[in-house]
Amino acid sequence: MNYSIIIPIFKEKKNLLQLMYRLNKNLKSVKLKYEVIFIDDNSQDGSFELFKKNKKKNMKFIVRKEFPKDLSKSVVYGFKKAKFDNLIVMDGDLQHKPSDLLKLIKIFNLGKYDLVIGVRNLINFKKSNLSIIRFFASKLLIMITNFLFKYNLKDPMSGFFIIKKNIIKKNYKKLYSKGYKILLDIILSCPKNIKIF
């Protein structure tokens, strides 16, 4: 299997080196073809210069200069730049652990699913790594989304997932491509018969 890992970032200079190191360490431990694409929303905080000095094999840094600055637009831009058949999206603030990435890949490699979602810990507030407002807002949004759209998903608001590129290509025009909930946008833009884990 091959993977393009799309990481939208904005002013993540403080996390960039650690993220690059941890991704490189974890991905080297498994046999797969991959590329990591950082899509920077024109941060101008020195992230690009830092990346150039510490560039790793299979990693690219692309500055998206179009306005407005927007996470979903950056992710979709990354999709279009990706060269491999399977797309991974994860945050650049270390909220999503590179070690957990291997767990998602293992499930996706079974070949049973079109979309595999990395679910946040929304059972225990103290372990969620979210503010109390975001924690309960996320739980409420999940309940409302599942009720309104007749889904039974554990975390359609997650920013950590793997999806087949051909599904994205078929549904580009349906994507709203605005805001922070790109996964929900994708789910609502795709046919209901896609297999989700």
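All values reported here derive from a predicted model rather than from experimental measurement.

**Describing the pattern of salt bridges**
If you walk through the whole model with that rule in mind, you get 4 salt bridges. Two residues, Asp-100 and Lys-103, come together in a salt bridge whose shortest N-O distance is 3.1 Å. One end of the pair, Asp-100, and the other, Lys-103, are both in helix H4 (residues 98-108), 3 residues apart, so they sit about a helical turn from each other. Assessed through its relative accessible area of 24%, Asp-100 is described here as partly exposed. For Lys-103, a relative accessible area of 53% translates into the label exposed.

**Section: the environment of Asp-91**
Summarising the element assignment, Asp-91 is placed in the loop between strand S4 (86-89) and H4. Look at Asp-91 and you get buried, because its relative accessible area is 18%. Sequence-wise, Asp-91 and Phe-38 are 53 residues apart; in three dimensions their C-alpha atoms are separated by 9.9 Å. If we skip the residues at most four places from it in the chain, Asp-91 touches Ile-7, Leu-19, His-96 and Gly-159.

**Digging into the confidence of the model for the protein**
Residues with a pLDDT of 70 or more make up 90% of the protein, whose mean pLDDT is 88. Of all the helices and strands in the protein, helix H5 (residues 132-149) carries the lowest mean pLDDT, 70, while S4 carries the highest, 98.

**What about the sheet that holds strand S2 (residues 33-40)?**
One open sheet holds the 6 strands; their spatial order is S3-S2-S1-S4-S6-S5, and the pairing between them is mixed. This sheet does not close on itself; its edge strands, each paired only once, are strand S3 (59-63) and strand S5 (115-117). Adjacent strand axes in the sheet meet at a mean angle of 20 degrees, parallel and antiparallel pairs treated alike. Sheet contacts for helix H1 (residues 13-28): strand S1 (2-9), S2 and S3; angle to S2, the most-contacted strand, approximately 165 degrees.

**Let's talk about the packing of aromatic side chains**
What characterises a pair of aromatic rings is the spacing of the ring centres plus the angle enclosed by the ring planes. This structure, assessed with the given rule, holds 6 aromatic pairs. Taken together, a centroid distance of 5.3 Å and an interplanar angle of 40 degrees make the contact between Phe-51 and Phe-61 tilted. In this pair, Phe-51 is assigned in helix H2 (residues 47-53) and Phe-61 in strand S3, connecting sequence segments 10 residues apart. The pair Phe-51 / Phe-61 is uniform in exposure class, with both members buried. Taken together, Phe-38, Phe-48, Phe-51 and Phe-61 form an aromatic cluster joined through their ring pairs.

Cut-offs used in this document
In this convention, every chain numbers its residues from 1, walking through the sequence in written order. In keeping with the model being predicted, local features are shown solely for residues with a pLDDT of at least 70 and side-chain atom pairs are shown and tallied solely at 80 or more, while totals for entire chains, interfaces and linings include all residues. Note that the side-chain values use all heavy atoms of the structure and ignore hydrogens as well as water. By definition here, a salt bridge exists when the distance from a side-chain nitrogen of Lys or Arg to a carboxyl oxygen of Asp or Glu is within 4 Å. Secondary structure elements are defined from DSSP: runs of H or I of at least 4 residues count as helices, runs of E of at least 2 residues count as strands, and each element is numbered from the N terminus. Only protein chains enter the area calculation, which uses a 1.4 Å probe; residues under 20% of their type maximum are buried, those over 50% are exposed, and those in between are partly exposed. It only takes one pair of heavy atoms within 4.5 Å for two residues to be counted as in contact. The quantity called pLDDT is the predictor's confidence in a given residue, expressed from 0 to 100. Two strands form a pair only when DSSP identifies at least two bridges running between them. Only the stretch in contact is used when a helix axis is fitted, and all axes are lines through C-alpha atoms; the angle between N-to-C directions ranges over 0 to 180 degrees. Classification of ring pairs rests on two measures: the distance between centres of Phe, Tyr or Trp rings, Trp counted by its six-membered ring, which must be within 6.5 Å, and the angle between planes, read as stacked under 30 degrees, edge-to-face over 60 and tilted in between.

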